[in-house]
Amino acid sequence: MGRADERRARQRGGRRAAPRNRTSQQAAPDTRAESGTSTTVESPAAAAAEGATRAERRRAAAKPPGRPGAPGKPARGRIRRLFTWKRMLGAFFTVCLLGIGSFIALYMMVSVPEGNALAQTQSNVYKYSDGSVLARKGTVNREIVDLSKVPKAVQHTFVAAENKTFYTDNGIDLRGMARGLYNTARGRGTQGGSTITQQYVKNYYLDQDQTVTRKLKELVISLKVDREKSKDDILAGYINTSYYGRGAYGIQAAAQAYYRVDADKLSVEQGAYLAALLQAPSQYDWAVAGPVGKKLVQARWNYVLDNMVGQKWLDKSARDAMKFPIPKDPKPASGLEGQKGYLVDLANTQLENQLMKSQNITRSQAEAQVVDQGWTITLNIDPKKQAKLEAAVKSQLTSKLDGKKRKVDKNVQAGAVSVDPKTGKVLALYGGIDYYKHYTNNATRADYQPASTFKPIILAAALDQDAKTQNGKDINADTIYDGTSGRPVKGSDIAFAPPNEDDADYGNITVQTAMNKSVNSVFAQMGVDVGMKNVLKTADDLGLDTENLQAVPAMTLGSMGASPLEMASVYATLDNHGRKVTPTILASAEKTGRKVDLPDPIGEQVISAEAADQVTSVLTGVVDDGTAKVSVAQNPLRKGQQVAGKTGTSDNNKSAWFTGYTPDLVTSVGLFGEDAKTHNQVPLTGATGLIPGTGRINGGGYPAQIWATYTFGVTKKAKFDLNTELGAAVKPTDTPSISESPSETPSQTPSQTPTKSASPSQTPSQTPSQTPTKSPDPTTSAPSSPSQSPTGGITDNPLNPADGQ
């Protein structure tokens, strides 16, 4: 090398330029010979390091390697070869295929489950005949309605609020679902964005858990549900399972809770409010919302309506005219207090009976179909008549009871049923003091004797079958019988000699008079003359449950059990000219589009119209000239109504009855002695402390007074249209010769021997007095104790009017 070359080498840093593609030479020192001596030329870095301190050399060594090709830096070619675009694209497709495969496997594995029990649980809703709500019974305030019951515009409010693409999407929102999954995995809680289908699936098939597993199931089930169900079915499920606040599940319960209307009566404005509620029911409830909540719900309401305009579901001019519909204040849910529980129980029982008959199922199976299953049950109960009946019981009986003063007052139970004889509808019912205090329904219980209210059935059997007396005479209102107390019945296979009330002897009297005075000896003989099996059959035809009853003469005293409902059925059939009346409390029963076919309460002709009408005619005499004269015929509330009826007081005064009717209303009232602790049957005697003497409660007393106060408060002047020539309402065809008879205006508390008259009036009042005497002159002596013979004395004296009752 010449000097010029050495100079240039020194200027270049003491080294030759390294080949660009030989990295090993860059790091190696330059060694060359000069004047026979080896000379090493170091790299600039090494040369620079010679004069550096030890610390500076350490810092230089710790610096990261530079770019590839720089001295001291590692190569990156291996990483570049690993992440080529082909490999990255392949990995992407692999992940996609795995995801698709996993989803297909998940889709195949997850099936649409049965709806969860809570989502299907509903309240039964019970309504009065006028459509007002009587009660709701169930653990969940939900009433599922068919979508056809919801106006189309109201349906659109929910779609506009929650899922505008509902009618065209496939049931899921992928972006919203991905966002929800991500936020759930990150623990960020609930996120919106679900479709109506997804919300329905969550409410009906799944639960409210915020887990990735539940959300994946929601995705799959939503896709399947969207394929398997129509959009209308999904929308119906959604609005029927959603929670709206105020304890209301489903649109029907919400409509009642916020606006006191059924779902089919909702306006668009109201529907938009309910749809807005779903976002935040508690915060948006107008009754409890603060200023912010009210502002937000109004904004949400406007959002719903504006979306409807955008979807062409609402005309803009109509929308502009709409005002925010402020909801009504919350109303406590109707319970079963007072009489409601009794009404609900009877409605359930009659619906179960119908399902058992139509489907041939057991009682337990029928109950499972009825209890808390979302029925809307409309009753025949007239709320005005119901209130009148309750008021009558209170004013005439329960207000006079004081259990602290008299132990017997705690034992008095009342029951009553009022029926329209032309339709069979139960218009009013009294089941007891309060459903929560006395669960047994006194209106339907059949464990107390109906006593003398059974006597018209014996006469009906005789008239319908053209029965004859022992000496071959036709039995009718004018037929003469021996009314001697304790007289042995002739022709009976079983020895039977029933006493009359207070052992009173009446001698030979007409059937009409015997009915007026409720003479036991006459009807015991008549029952045997007709044949007790025939009497039993007629009782069953008229509406009394005679299963397992024996056809014995003692039955003539009304010794079997019967309920006010059954006695109302018997007398309603008489009032309906012999066509069978089966009282029903049910007007309709339906759920989710299913309506139960209810039988016609009016049945076939079970006794002849003439026989029924003659019994009615005879029973008008009981009111105008007999044991109900003071409490009913002479009641100051009476305004010309013609009345037929019968009193009854059972053995040992354990029950007292009055069942009576006008041309358009039949009501049976019973009082029952029930021990408040043991629930055993006990006497009513002494109750209220207002009856002198023994204090016996008679059918002509409190029961008749309750009947009159109620009936004359809800009926107008009317006369019976009777097809008969015999009885108290018309002049008899002949005048029988009667050896002895009590006066036609009897003592209200008869003595042991009735007053005898040499020439008594042979013909009872031909027509009821339209303006009854207001000031009767009854005796005030206390009645003697009823006979305690094994057959039992039947007492029928009205309450002494001197008591002021």
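Please refer to the structure placed before this passage.
Figured I'd write up the structure that's included with this text. Computed from a predicted model, the values in this text were never measured in an experiment. (Residues numbered from 1 in each chain as written. Predicted model: local features only at pLDDT ≥ 70, side-chain atom pairs only at ≥ 80, totals over all residues. Heavy atoms only, no water.)

## A look at the overall build of the chain
Item 1. The number of helices and strands found in the chain is 28 helices and 18 strands.
Item 2. Looking at the chain as a whole, 51% of its 805 residues are labelled buried.
Item 3. In the chain, the proportion of contacts linking residues at least 24 apart, taken out of those at least 6 apart, comes to 71%. (Helix = DSSP H or I, 4+ residues; strand = E, 2+ residues; numbered from the N terminus. Buried < 20%, exposed > 50% of the residue type's maximum accessible area, 1.4 Å probe, protein only. Contact = heavy atoms within 4.5 Å.)

## Concerning the environment of Lys137
Item 1. When you line up the elements, Lys137 lands in strand S4 (residues 133–137).
Item 2. Once residues lying within four places of it in the same chain are set aside, the contact partners of Lys137 are Ser123, Asn124, Tyr126, Leu336, Val344, Val371 and Asp372.

## Examining the sheet that holds strand S16 (residues 644–649)
Item 1. The five strands are arranged S9-S8-S18-S17-S16 in an open sheet whose pairing can be described as antiparallel. Every other strand in the sheet has two partners, leaving strand S9 (426–430) and S16 as the edge strands with one partner each. Adjacent strand axes in the sheet meet at a mean angle of 5° when their direction is disregarded.
Item 2. As judged from the six bridges shared by S16 and strand S17 (residues 655–662), these two strands associate in the antiparallel manner. Pairing of Thr647 across the sheet is with Phe658, part of S17.
Item 3. Packing of helix H26 (residues 609–625) onto the sheet brings it into contact with S16 and S17, and relative to S16 it is tilted by some 60°. (Pairing = 2+ DSSP bridges. Axes fitted to C-alpha atoms, helices over the stretch in contact; angles between N-to-C directions.)

## Section: the sheet that holds strand S13 (residues 586–591)
Item 1. Strands sit in the order S4-S3-S7-S13-S14 across an open sheet of five strands; the sheet is mixed. Taken across any chain shown, the strands that pair with only one partner, and hence form the sheet edges, are S4 and strand S14 (594–595).
Item 2. Bridge count for S13 against S14 is two bridges, and the pairing is antiparallel. Bridging across to S14, Glu590 finds its partner in Lys595.
Item 3. Together, strand S3 (124–127), S4, strand S7 (376–379), S13 and S14 form the strand contacts of helix H18 (residues 340–359), whose direction differs from that of S7 by roughly 110°.

## Things to note about the packing of helix H10 (residues 196–204) against helix H12 (residues 231–241)
Item 1. The N-to-C vectors of H10 and H12 enclose an angle of 55°; their axes lie 9 Å apart at closest approach. In terms of orientation, H10 and H12 fall into the oblique class. Relative to H12, the crossing made by H10 is left-handed. Where H10 approaches H12, its residues Ile196, Thr197, Gln199, Tyr200, Asn203 and Tyr204 are matched on the opposing element by Lys231, Ile234, Leu235, Gly237, Tyr238 and Thr241.
Item 2. In the contact of H10 with H12, the residues fall into six nonpolar, five polar and one charged. (Parallel < 35°, antiparallel > 145°, perpendicular 65-115°, else oblique. Left-handed = near helix turned anticlockwise from the far one by under 90°. Nonpolar A, V, L, I, M, F, W, Y, C, P; charged D, E, K, R; others polar.)

Distances and angles like these do not, on their own, reveal function.
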